[in-house]
Amino acid sequence: MRIGSSRFQILLFCTLALLATPLAFGHIKIYPMQSTFGAREKYTMRVPNERQSPAIRIEGEFPAGLEIYDFEFKPGWKIDFKKDEKGKIIGATWTGRIAPYEFVEFGMLAINPKEGNPNMLWKFYQYYEDGFKEEFAAPPDAKMPLRPMPQVTLTSEGSPSSALTK
């Protein structure tokens, strides 16, 4: 049976689109994506590796006003803290290894800011053994090839959407 040229092109396009999908959607996420001002929260950073090379380091800058006070440690991983002049943790570097097509989740305990901008943006950089670097530093609505920063939206206590975080 002979495949028609246009049918072959459609099949080829679909195959290539499926192969490229992991690259287009590779991203670091923070959960929960919504919380309340002033709340104590456990944030989970999910770091996938959708490349052929192992991921070996993740650098993060935390949102202004967020007080992170405890970290979940993972076997095989080291965490170095970045602090401001007052000793407050404002970022961290996780060093370890994420094999291709695997992911790791890291937990952090924090106190949300009591007021201010309701959109907390987290900036990350992911480094790979082959020297490649991914930057998750673009605005949340950025389009490929830019990779958006994870965002957590804060609401006021008692607002209808804050009931989702309880």
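Residues numbered from 1 in each chain as written. Predicted model: local features only at pLDDT ≥ 70, side-chain atom pairs only at ≥ 80, totals over all residues. Heavy atoms only, no water.

Asker: Any chance you could break down the sheet that holds strand β13 (residues 151-155) for me, citing the residues and the numbers?
Answerer: Judged by pairing direction, the sheet is mixed, and its three strands sit side by side in the order β2-β13-β9 without closing on themselves. The sheet terminates laterally at β2 (34-36) and β9 (119-121), the two strands that pair on one side only. Averaged over neighbouring strand pairs, the angle between their axes works out to 30 degrees when direction is ignored. Direction of pairing for β9 relative to β13: antiparallel, over a ladder of three bridges. Residue Met-120 lies in a different strand from β13, and its bridge partner there is Val-152. (Pairing = 2+ DSSP bridges. Helix = DSSP H or I, 4+ residues; strand = E, 2+ residues; numbered from the N terminus. Axes fitted to C-alpha atoms, helices over the stretch in contact; angles between N-to-C directions.)

Asker: Let's hear about the packing of aromatic side chains: which residues, and what values?
Answerer: Taken as a whole and assessed by the stated rule, the structure comprises nine aromatic pairs. Here the aromatic rings of Trp-77 and Phe-106 are separated by 5.1 Å at their centres, their planes lie at 80 degrees, and the arrangement is edge-to-face. In this pair, Trp-77 is assigned in the loop between β5 (67-71) and β6 (78-83) and Phe-106 in strand β8 (residues 103-111), connecting sequence segments 29 residues apart. Across the pair, exposure class does not vary: Trp-77 and Phe-106 are buried alike. Its end group placed over the ring of Tyr-128, Arg-51 keeps NZ or CZ at 5.1 Å from the ring centre. (Phe/Tyr/Trp six-rings, centres within 6.5 Å; stacked < 30°, edge-to-face > 60°. Buried < 20%, exposed > 50% of the residue type's maximum accessible area, 1.4 Å probe, protein only. Lys NZ or Arg CZ within 6 Å of the ring centre and 35° of its normal.)

Asker: With reference to specific residues and values, describe the nonpolar core.
Answerer: Of all hydrophobic cores here, the largest spans 29 residues; its most connected members are Met-45, Trp-94 and Trp-122. Put simply, the parts of the chain that give this core at least two residues each are β3 (40-48), β4 (55-61), β5, β7 (89-98), β8, β10 (123-128) and β13. In contact with Met-45, not counting residues within four places along its chain, are Ile-28, Lys-29, Ile-30, Ile-58, Trp-94, Val-104, Glu-105, Phe-106, Met-108 and Phe-124. (Core = buried A, V, L, I, M, F, W, Y, C linked by side-chain atoms within 4.5 Å. Contact = heavy atoms within 4.5 Å.)

Asker: Please set out the side chain of Asn-112 residue by residue, giving values where relevant.
Answerer: Assignment of secondary structure puts Asn-112 in the loop between β8 and β9. A distance of 2.6 Å separates a polar atom in the side chain of Asn-112 from a polar atom in the side chain of Tyr-43. Dropping the residues within four chain positions of it, Asn-112 is found in contact with Ser-35, Thr-36, Phe-37, Gly-38, Ala-39, Glu-41, Tyr-43, Gly-65, Leu-66, Met-120 and Leu-154. (Polar contact = N/O pair within 3.5 Å; in protein donor to acceptor, adjacent residues only side chain to side chain.)

Keep in mind that these numbers describe shape and distance, not what the molecule does.
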